[in-house]
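What follows is each chain in one-letter form.
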Amino acid sequence: MKILLVEGPLLDKIGEREPQIYGKNGTREKLLCAFYEKAKSLGVETETVSEYCEGELAKILANAKCDGIVINPGAYTHTSVLLRDALLCSKIPFVEVHLSNIFAREEFRRKSYLSDAAVGVVTGLGSATYSAALEGLVNKISTDKETDLG
């Protein structure tokens, strides 16, 4: 099984920007290390893509070749019909993730253009967010495959 981790803009700044929201001790490297360790323990292959440009993200999503996607779209969560359309075009199950609890933040951050199309949403778990999403997505895909066979 192959899972694609997709990160939108400013996620390379974890540990630098808004520490009161995103934490003071976390870094992107630590976050990814935990994600890769979880993937290894689950026996899944991963690929990671980080991109600032909305159009490039859409192209990556629409043409993805994987079994599932974990996506942290960053600010595009609240603005991008394009990313939603690209994910729907791919027909690949995905989990939307956010390090902070978007529902406890500003009103404009509480609307996601992706959530209703996602198989799950993991928000507010900080450095555990990506790993939790990965485990849930792998379980969901595996369960769905068993159901299709039975």
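Residues numbered from 1 in each chain as written. Predicted model: local features only at pLDDT ≥ 70, side-chain atom pairs only at ≥ 80, totals over all residues. Heavy atoms only, no water.

A look at helix α4 (residues 81-90)
Then comes step 1: Among all positions in α4, only Leu83, Ala86, Leu87 and Ser90 are buried. One side of α4 holds all its buried residues, which, seen down the axis, span an arc of 100 degrees.
Then comes step 2: Residues of α4 that are buried in the fold lie against α3 (54-62), β3 (68-72) and β4 (94-98).
Then comes step 3: Just downstream of α4 lies Lys91, where phi reads positive at about 60 degrees. (Buried < 20%, exposed > 50% of the residue type's maximum accessible area, 1.4 Å probe, protein only. Helix = DSSP H or I, 4+ residues; strand = E, 2+ residues; numbered from the N terminus. Arc of directions from axis to C-beta. Contact = heavy atoms within 4.5 Å.)

Brief notes about the side chain of His98
Then comes step 1: Examined against the element boundaries, His98 turns out to sit in strand β4.
Then comes step 2: Reaching out from His98, the side chain makes a polar contact with the side chain of Glu96 at a distance of 2.6 Å.
Then comes step 3: Those residues in contact with His98 that sit more than four places away from it in its chain are Asn72, Pro73, Thr77, Val122, Thr123, Gly124, Leu125 and Thr129. (Polar contact = N/O pair within 3.5 Å; in protein donor to acceptor, adjacent residues only side chain to side chain.)

What to know about the pairing of β4
Then comes step 1: Along β4, five of the five residues are buried, which leaves the element largely enclosed by surrounding structure.
Then comes step 2: Handedness of the crossover is the feature at issue here: the chain leaves β3, passes through α4, returns alongside β4, and the resulting connection is right-handed.
Then comes step 3: Sheet topology note: the β4/strand β5 (residues 120-123) ladder contains four bridges and is parallel. Residue pairing across strands places Val97 opposite Val122, the latter belonging to β5. (Right-handed = clockwise from strand over helix to strand, strands pointing away. Pairing = 2+ DSSP bridges.)

Topic: the side chain of Ser112
Then comes step 1: Mapped onto the secondary structure, Ser112 falls in the loop between β4 and β5.
Then comes step 2: A polar atom in the side chain of Ser112 sits 3.0 Å from the backbone nitrogen of Leu114.
Then comes step 3: Reaching out from Ser112, the side chain makes a polar contact with the side chain of Ser115 at a distance of 3.1 Å.
Then comes step 4: Setting aside its immediate chain neighbours within four residues, Ser112 contacts Thr77 and Glu96.

Comments concerning the sheet that holds strand β1 (residues 2-7)
Neighbouring strands of a sheet are bound in pairs by backbone hydrogen bonds; such pairs are parallel or else antiparallel.
Then comes step 1: As summarised here, the arrangement of the five strands in space is β2-β1-β3-β4-β5, forming an open sheet in which the pairing is parallel. The sheet is open, and its two borders are formed by β2 (45-50) and β5, each paired with just one other strand. The sheet shows a mean angle of 20 degrees between the axes of neighbouring strands, taken without regard to direction.
Then comes step 2: As defined by bridge partners, β1 adjoins β3 across five bridges and the pair is classed as parallel. Each residue of the ladder has a partner; that of Val6, found in β3, is Ile71.
Then comes step 3: Where α3 meets the sheet, its contacts fall on β1, β2 and β3, and the angle it forms with β1 comes to roughly 170 degrees. (Axes fitted to C-alpha atoms, helices over the stretch in contact; angles between N-to-C directions.)

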